[in-house]
Amino acid sequence: MERGMQPNSTTIDAEEVAKFEAMAAEWWDPNGKFKPLHMLNPCRLDYITSQIAAEFDRDLKTPKPFTGLRLLDIGCGGGLLAEPMARLGATVVGADAAAGNIPVAQVHAAQSGLDIDYRNTTAEALAAAGEQFDIVLNMEVVEHVADPATYLTACQRLLKPGGLHFCSTLNRTAKSFAAAIVGAEFIMRWLPKGTHDWNKFITPEELYGLLRDAGLDPVDRKGFVFNPISWTWSLSDRDLAVNYVTTSLKP
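## A short note on the sheet that holds strand β4 (residues 133–139)
Inference 1: With respect to topology, 8 strands assemble into an open sheet ordered β3-β2-β1-β4-β5-β8-β6-β7, the strand pairing being mixed. At either margin of the open sheet sits one strand with a lone partner, and together these are β3 (117–119) and β7 (232–236). When strand polarity is set aside, the average angle formed by the axes of neighbouring strands in this sheet is 20°.
Inference 2: Of the pairings in the sheet, the one linking strand β2 (residues 91–95) to β3 comprises 3 bridges and is parallel in character. Among the inter-strand pairings, valine 93 is bridged to a residue of β3, identified as aspartate 117.

## A short note on the environment of arginine 157
Inference 1: By secondary structure assignment, the location of arginine 157 is in helix α6 (residues 148–157).
Inference 2: Between the C-alpha atoms of arginine 157 and phenylalanine 133, which are 24 residues apart in sequence, the distance is 9.4 Å.

## Comments concerning helix α8 (residues 204–213)
Inference 1: Within the span of α8, buried status applies to Pro204, Leu207, Tyr208 and Leu211. For α8, the angular spread of the buried residues around the axis is 100°, confining them to a single face. Opposite the packed face of α8, turned more than 90 degrees from it, sit the exposed residues Glu205 and Asp213.
Inference 2: Along its buried surface, α8 packs onto α6, β5 (159–170), β6 (217–227) and β8 (243–249).
Inference 3: At the exit of α8 stands glycine 215, carrying a positive phi of roughly 95°.

Definitions and cut-offs
- Residues numbered from 1 in each chain as written.
- Predicted model: local features only at pLDDT ≥ 70, side-chain atom pairs only at ≥ 80, totals over all residues.
- Heavy atoms only, no water.
- Pairing = 2+ DSSP bridges.
- Helix = DSSP H or I, 4+ residues; strand = E, 2+ residues; numbered from the N terminus.
- Axes fitted to C-alpha atoms, helices over the stretch in contact; angles between N-to-C directions.
- Buried < 20%, exposed > 50% of the residue type's maximum accessible area, 1.4 Å probe, protein only.
- Arc of directions from axis to C-beta.
- Contact = heavy atoms within 4.5 Å.

Here it is, written out as structure tokens:
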């Protein structure tokens, strides 16, 4: 075991899991509690697919450009990212610590005619079992775990050499407090109050340090920026004040 990790160790925060399990049935309601993710999803997908295509030399204009790639969506929720990755040809495993999310994801995938391997498990358990992937999606999860360093080390262990790791989270700034907590939870009421803990938000510099300590090589980062006038999201090279995403390679 690397870094003293044991097969049964876990970074799961039970209170955080309970929050999302309570909302499980609403995953595929675009106007429900996960409306922010539905709005953000096209922007996330544009970033993820372009990075994968560049790293693995795939042509996104072909019908199933990610055929032959094994992908893990850790913290998959209802499958908002797992499903498009499967449509692009990847062999997808979706994992979530919240048991209630899994049947929701399974039913929706079946209705969509998609073969996705959904499991109620953790990154640590998958790593202990020796699972290996070309790509690990780790989106909006790290701010909800009890021990980010141990969690990211497990994610690193899940990657094949040369594998690609995506990690998105929330920056710890006054702007993120205003947008993600005051705006999303209290004003817009997109999320139940208490969904996020601002003290668990991670700055880009902190995340880069954690990724390097875990044995990954960060190679890119972008901000996800919300336009309240057009109600759309876009990528930014400079504005990482609220939501942002990183790409790392496993040497």
